[in-house]
Amino acid sequence: MSSVHLRDTLRQMLAVLEEERQALAGLDLDAIVGATNDKNRLCGTLDSAEALELDEECRGMLESARRLNEVNRQVRNIIAANVSRRLDALTGGPQLYRAGATYSVAASRA
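Residues numbered from 1 in each chain as written. Predicted model: local features only at pLDDT ≥ 70, side-chain atom pairs only at ≥ 80, totals over all residues. Heavy atoms only, no water.

## A look at the overall build of the protein chain
Thought 1: Scanning the protein chain from N- to C-terminus turns up four helices and zero strands.
Thought 2: Reading the protein chain from its N terminus to its C terminus gives the helix and strand order α-α-α-α.
Thought 3: Taking all 110 residues of the protein chain together, 20% fall into the buried category.
Thought 4: Residue pairs in contact within the protein chain that sit at least 24 positions apart in sequence constitute 78% of those at least 6 positions apart.
Thought 5: When the accessible surface of the protein chain is summed, it comes to about 7,600 Å², and 58% of that surface belongs to carbon and sulfur atoms. (Helix = DSSP H or I, 4+ residues; strand = E, 2+ residues; numbered from the N terminus. Buried < 20%, exposed > 50% of the residue type's maximum accessible area, 1.4 Å probe, protein only. Contact = heavy atoms within 4.5 Å. Areas by Shrake-Rupley, 256 points an atom, 1.4 Å probe, with all protein chains shown as cover.)

## Considering the nonpolar core
As a rule of thumb, nonpolar side chains are buried together in soluble globular proteins.
Thought 1: Ranked by size, the top nonpolar core spans 12 residues in total: Leu6, Leu10, Met13, Leu14, Val16, Leu17, Ala35, Leu42, Leu54, Cys58, Met61 and Ala65.
Thought 2: Of all the elements in the fold, those that place two or more residues in this core are helix H1 (3–26), helix H2 (29–46) and helix H3 (56–91).
Thought 3: The element that contributes the greatest number of residues to this core is H1, accounting for six residues.
Thought 4: Among residues more than four places away in sequence, those in contact with Leu17 are Lys39, Ala65, Leu68, Asn69 and Asn72. (Core = buried A, V, L, I, M, F, W, Y, C linked by side-chain atoms within 4.5 Å.)

## Observations concerning H2
Thought 1: Taking 1.5 Å of rise per residue, the 18 residues of H2 would be expected to cover 26 Å, and the 25 Å separating its terminal C-alpha atoms lies within 8% of that figure.
Thought 2: Those residues of H2 not exposed but buried are Ile32, Ala35, Lys39 and Leu42. Along H2, the residues classed as buried sweep out an arc of 90° about the axis, all on the same side. Across H2 from its buried face, at more than 90 degrees, point the exposed residues Leu29, Asp30 and Asn40.
Thought 3: Where the residues of H2 are buried, they touch H1 and H3.
Thought 4: Its side-chain oxygen placed 3.3 Å from the backbone nitrogen of Asp30, Asp28 serves as the N-cap of H2. (Expected span 1.5 Å × (residues − 1). Arc of directions from axis to C-beta. Polar contact = N/O pair within 3.5 Å; in protein donor to acceptor, adjacent residues only side chain to side chain.)

## Focus on a nonpolar patch on the surface
Thought 1: Nonpolar side chains collect at one region of the surface, where Val83, Leu87 and Leu90 lie side by side and expose about 320 Å² of accessible area between them.
Thought 2: Relative to the helices and strands, Val83 is located in helix H3.
Thought 3: Residue class for Val83 comes out partly exposed when judged on its relative accessible area of 44%. (Patch = residues over 30% accessible without salt bridge, like charges linked within 9 Å, V, L, I, M, F, W, Y side chains within 5 Å. Salt bridge = Lys/Arg side-chain N within 4 Å of Asp/Glu carboxyl O.)

## Thoughts on the pattern of salt bridges
Thought 1: Evaluated as defined, the whole model comprises 10 salt bridges.
Thought 2: Where Arg21 meets Glu18, a salt bridge forms, and the shortest distance between an N and an O atom there is 2.6 Å. Within this pair, Arg21 and its partner Glu18 are both found in helix H1, separated by three residues, close to a single helical turn.
Thought 3: Looking at Glu18, the relative accessible area reads 29%, which means it is partly exposed.
Thought 4: Put simply, Glu20 and Arg76 hold a salt bridge, and the shortest N to O gap is 3.0 Å. Taken as a pair, Glu20 in helix H1 and Arg76 in helix H3 lie far apart in primary sequence, 56 residues in all.
Thought 5: Residue classification places Glu20 among the buried positions, given a relative accessible area of 2%.
Thought 6: Of the residues examined, Arg76 reaches a relative accessible area of 29% and is grouped as partly exposed.

So, in structure tokens, the structure goes:
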């Protein structure tokens, strides 16, 4: 992969990560899925890059992409935790703990 192609791919990845952040903020499922597909495609392209090709600009873009991806991961986790909390509130508690209590009652009957 040429340096020019690598830079272009990294720029595309940064744009997709920004789009993903916006989609997460708006809870836009179609855009989140689209960003995921784009990230997977770009990761496939980056797989062919050699570490020796990385100049200072590429290293900077890689570090920015890592930071953006980490922020997006944390936002996804916050959203998932919020959904779990709301579901638990509707059911009266975490399903996992109730399942454990049911098994312990069944075991004591045996």
